[in-house]
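Survey of secondary and tertiary structure
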Amino acid sequence: MQNIVLQYIKPNYLSDIYKSDIYGKELLLEKGKYIHIEAPSGTGKTTLLHIIYGINNLYSGKVLWDNNLAPDYNIIRQFHLSVVFQDLRLIQDVTVQDNIVLKNQLTNHKTIDEIMQMLQFLGVDMHWDKITHQLSRGEQQRVAIVRALCMPFSFLILDEVMSHLDEQNRLKVADLIHQECAKNGAGLVMLNLYKDNYFNYHTFYHL
Amino acid sequence: MPIVSLKKHTLTFKLKITIALTFLAWSLGLLIACLVVNLYSGLWNFLQVNQEKSNYDYNIIHKEVGLMNTFGLSNSNFKQNEMDLIQQHPAVVSVAPIVSNQFKVGIDGGNMIHFYTELFLQSVPNEFIDLDTRDFNWREGYAVPIIVSNSFIDLYNHGFSVSQGLPQIPKSIITQKQLQLIITGNGKRLTIPCKIYGFSDRLSTVIVPEEFLLWANQLYGKGKEDKYESLIIQSDIAQGVELEKFLNQNGYSYNKEMINLDQTKQIIQSVMIFLLTISTILIVLAVGLSYFVSKTFLYEKSSFIQHLFWLGYSPRFLIQSFFKPILWIAIVNSLAVLIAAFVINYFISQIFVQFNFDIPYFTIAFLITWLLVSYISIHIIYLKIKNTILKIV
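Residues numbered from 1 in each chain as written. Chains lettered and ligands numbered in written order. Predicted model: local features only at pLDDT ≥ 70, side-chain atom pairs only at ≥ 80, totals over all residues.

1. Digging into the overall build of chain B
Put simply, the rule reads: Strands are runs of DSSP state E lasting at least 2 residues, helices are runs of H or I lasting at least 4, and numbering of each runs from the N terminus. Counting other C-beta atoms within 10 Å of a residue's C-beta gives its exposure: the residue is buried at 20 or more, exposed at 12 or fewer, and partly exposed in between, where C-beta atoms are placed from the backbone. Two residues form a contact once the distance between their C-beta atoms, set from the backbone, is within 7 Å.
Along the backbone of chain B there are 12 helices and 11 strands. Per-residue burial for chain B yields a buried fraction of 28% across its 393 residues. Taking the intrachain contacts of chain B between residues at least 6 apart in sequence as the baseline, contacts between residues at least 24 apart amount to 80%.

Right, dumping it as structure tokens:
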């Protein structure tokens, strides 16, 4: 998967006079390119992620995947597009292990050692056997990031993934994400409330 | 790399037990239904065979005796016009009077059977007797053949002989032995040899040939009369209910224990229909329950299903993951019931061997119904799982 083109997409709930760098315009997401999208709360960052991920159909415009308008989204979610949702969407009543393995076993992209190394790097390896809801929000955020890296991907979209992390952990997370994006030659889309400098972004947008 | 089996999330212990119980319930319902059908068929054949042996029912009827009879204001005799009326009833094939003795009579057992008792004699046309009556006739100068009720011999051997200290006598010996009838009437006395001709299940009295009783009544009694205490009726077994109504309406008493096969069939039919209805309700409820159990379980797991979908699991994979365990429970459970059905059927066929159970018939009937109900219930569950998962994702 080399690119994603957002052609004049606009959520149905937005009025026609709404001004945005992305909604109602054409946006090209290229493999290997890092994009930062800044927007205040409630302006449609999560909606944009849902539209690209194929779980929100209430919009006008088109999303093209290598010029393909109707790809198999199950394949996209397994091999091409990885996401970290703002609300994380971890399964709360199963263990951290189950949450990660349920994702990884779809493609067997990582070995157990590689997963443990990533968790260790982010300081959450000791929670491997814990039920997910026992973890703090910051710990859950790091688990969700590791889970998102347990698949091959051409694009990684992150929705406010560092909101509950301290500076030291943010740097570690950014380091790990950058390493994995480099390994996959992937593009990165960072959706955030404010402009950050954790990655060398190629382009900055306001939503 | 460890694998997280979806089975531990899709097939909880609670679901396993619930699904197993519902499948067990419908399988048992089905088993009962098939056993009922088979048992019914076996009993029906059994009754048909018995009915073919005799298409007729025999009843001895009397008039009820009341206080009017005691004071001589009424009598309990049948007259010829009443016999004609009975004969006209569609259920009645033939009717005949039971003629009784009009003299005092006793029987002496002779040297071997030290036994004397006074008794009464009756006669009916030979076609009403449940024995081969080709030699059941009498001519002057010959011994009188006598037919005795089977129950009389049993009463003698197991009651009278024991209480009186007399020897018990097998039937074969009694028929060999010549006995004496001692007749007294009109100032005359006669001792005449007699022999037991046979034993009747139908007639609970002492029967002698018609010609002998006619002769004896003329010599020792009042002679031929045109009114009778009792009648014997030969009736069509299929119209037993109508005959019973007719007899009751006219105040005739009869042996009510002699429930005919027609009534028996009706009772069996009603019981079988009742059981069949119960088992059908059981099947329908169980199939419905398995549907609602699947539905409730899927709603409980809807969040988990949605998370799996977001992770990249396809709806098709999720449908299969949730359906396969239920399918396996159904198959294992149903196979167990299938085996149980054949084992139970085998034992029933051994116990009720006279009903001549038709094993191939049962096998085919049960298998077809089992496959049909299995397919319908499993398909309903599959559709429910499919629709619910598609709705969730």
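Let's pick the thread back up.
2. Quick look at the overall build of chain A
Counting secondary structure elements, chain A contains 6 helices and 8 strands. Helices (α) and strands (β) of chain A occur, in sequence order from the N terminus, as β-β-β-α-β-α-β-α-α-α-β-α-β-β. For chain A, the proportion of its 207 residues judged to be buried stands at 40%. Taking the contacts inside chain A whose residues are at least 6 apart along the sequence as the reference set, 79% of them involve residues at least 24 apart.

3. Considerations on the sheet that holds strand E4 (residues 59–65) of chain A
Pairing between the strands of a sheet comes from backbone hydrogen bonds, and it takes one of two forms, parallel or antiparallel. Residues and elements named next belong to chain A. For clarity, the threshold we go by: Strand pairing is defined by DSSP finding a minimum of two bridges between the two strands. In this analysis, axes come from line fits to C-alpha atoms, helices being fitted only over the stretch in contact, and the angle between any two N-to-C directions falls in the range 0 to 180 degrees.
In spatial order, the strands read E2-E1-E4; together these 3 strands make up an open sheet with antiparallel pairing. At either margin of the open sheet sits one strand with a lone partner, and together these are strand E2 (26–30) and E4. Each strand of the sheet is rotated relative to its neighbour by a mean of 15 degrees, with strand direction disregarded. Bridge count between strand E1 (residues 3–11) and E4: 6 bridges; the pairing is antiparallel. Paired with Leu6 across the strands is Val63, a residue of E4.

4. Focus on helix H8 (residues 240–249) of chain B
Along an α-helix, a turn takes 3.6 residues, which lines up residues three or four apart on a common side. All names here are of chain B. Convention followed: The directions from the helix axis to the C-beta atoms are what the arc is built from.
Taken together, the buried positions of H8 are occupied by Gly240, Leu243, Glu244 and Leu247. The buried side chains of H8 occupy one side of the element, clustering within an arc of 100 degrees when seen end-on. Facing away from the buried surface of H8 by more than 90 degrees, the exposed residues are Lys245 and Gln249. Positive backbone phi, approximately 70 degrees, marks Gly251, located one or two places after H8.

5. As for the interface of chain A and chain B
As a reminder of what qualifies: Classification used: nonpolar for Ala, Val, Leu, Ile, Met, Phe, Trp, Tyr, Cys and Pro, charged for Asp, Glu, Lys and Arg, polar for all others including Gly.
On the side of chain B, 11 residues touch chain A, which itself brings 14 residues to the contact. Elements that contribute at least two residues to the side of chain A that touches chain B include exactly helix H2 (73–80) and helix H3 (96–104) of chain A. Top contributing element to the side of chain A that touches chain B by residue count: H3(A), with 4 residues. Here the residues of the side of chain A that touches chain B are counted per class, giving 5 nonpolar, 5 polar and 4 charged.

6. What about the sheet that holds strand E6 (residues 155–159) of chain A?
Residue and element names in this part refer to chain A. In space, the 5 strands of this open sheet follow the order E5-E6-E7-E3-E8, with parallel pairing throughout. In this open sheet, the two edge strands, each paired with only one partner strand, are strand E5 (81–84) and strand E8 (203–206). Neighbouring strand axes in the sheet, compared pairwise and without regard to direction, differ in orientation by 15 degrees on average.

7. A closer look at the packing of H3(A) against helix H5 (residues 137–148) of chain A
Residues and elements named next belong to chain A. The line we're drawing: Working rule for angles: under 35 degrees goes down as roughly parallel, over 145 as roughly antiparallel, 65 to 115 as roughly perpendicular, anything else as oblique. Put simply, a crossing is left-handed when the front helix is turned counterclockwise from the back one by less than a right angle, and right-handed when it is turned clockwise.
Where H3 meets H5, the axes come as close as 9 Å, and the angle between the chain directions of the two elements is 25 degrees. Relative to H5, H3 is oriented roughly parallel. Read as a crossing pair, H3 and H5 show a hand that is right-handed. Only Val143, Val146 and Arg147 of H5 make contact with H3, whose side of the interface consists of Val96, Asn99, Ile100 and Lys103. A breakdown of the residues in the contact of H3 with H5 according to their chemical character gives 4 nonpolar, 1 polar and 2 charged.

8. Brief notes about the pairing of strand E7 (residues 187–192) of chain A
All names here are of chain A. To keep it simple, the criterion reads: Whether a crossover is right-handed depends on one test, that the path from the first strand over the helix to the second runs clockwise when the strands point away from the viewer.
The element E7 is largely enclosed, with a buried count of 5 among its 6 residues. Relative to E7, E6 is paired through 5 bridges, and the arrangement is parallel. Bridging across to E7, Leu158 finds its partner in Met190. In this fold, E6 hands off to helix H6 (residues 167–184), which returns the chain to E7; that crossover is right-handed.

9. Side note on the packing of H5(A) against H6(A)
Residues and elements named next belong to chain A. Put simply, H5 and H6 touch, their axes get as near as 11 Å, and they point 10 degrees apart. Looking at the two axes, H5 sits roughly parallel to H6. Across the interface between the two elements, Gly138, Arg142 and Ile145 from H5 touch Asn169, Val173 and Ile177 from H6. For the contact of H5 with H6, the per-class residue count stands at 3 nonpolar, 2 polar and 1 charged.

10. What about the nonpolar core?
Put simply, the rule is: The term nonpolar core means buried Ala, Val, Leu, Ile, Met, Phe, Trp, Tyr and Cys residues held together as one set by C-beta atoms within 7 Å.
One finds A:Ile145, A:Val146, A:Phe155, A:Leu156, A:Ile157 and A:Val189 to be the most contacted residues of the largest nonpolar core, which totals 92 residues. If sequence neighbours within four positions are ignored, A:Leu156 has contacts with A:Ser82, A:Ala148, A:Ile177, A:Cys181, A:Ala186 and A:Leu188.

11. Observations regarding the confidence of the model for chain B
This is how it is decided: pLDDT measures how confident the predictor is about each residue, on a scale from 0 to 100.
In this model, chain B carries an average pLDDT of 80, and 86% of its residues clear a pLDDT of 70 or more. The complex model carries a pTM of 0.61, and its ipTM stands at 0.92.

12. A few points about the environment of B:Leu30
Residue and element names in this part refer to chain B. Here Leu30 lies in helix H2 (residues 13–53). C-alpha of Leu30 to C-alpha of Ile283: the two residues are 253 residues apart in sequence and 6.5 Å apart in space. Aside from chain neighbours lying at most four places away, what touches Leu30 is Ile283, Thr369, Trp370 and Val373.

13. Focus: H3(A)
For H3(A), a buried count of 7 out of 9 residues is recorded, marking the element as mostly surrounded by other parts of the structure. Among the residues of H3(A), A:Val96, A:Asn99, A:Ile100, A:Val101, A:Leu102, A:Lys103 and A:Asn104 are the ones counted as buried. Structurally, H3(A) contributes buried residues whose contacts are with helix H4 (112–121) and H5 of chain A together with helix H10 (302–311) of chain B.

14. Quick look at unusual backbone geometry
Residue and element names in this part refer to chain A. In this structure, Tyr8 takes a positive phi of about 50 degrees despite not being glycine. Residue placement: Tyr8 occurs in strand E1. Notably, Asn67 is not glycine yet its phi reads approximately 70 degrees, a positive angle. On the secondary structure map, Asn67 appears in the loop between E4 and H2.

15. Some thoughts on the environment of B:Tyr228
Residue and element names in this part refer to chain B. Secondary-structure assignment places Tyr228 in the loop between helix H7 (210–220) and strand E10 (230–236). By C-beta crowding, Tyr228 is classed as partly exposed, having 19 other C-beta atoms within 10 Å. Once the C-alpha coordinates of Tyr228 and Phe78 are considered, the two residues, 150 residues apart in sequence, prove to be 5.1 Å apart. Not counting the four nearest positions on each side in its chain, Tyr228 is found in contact with Asn77, Phe78, Pro97, Ile98 and Val99.

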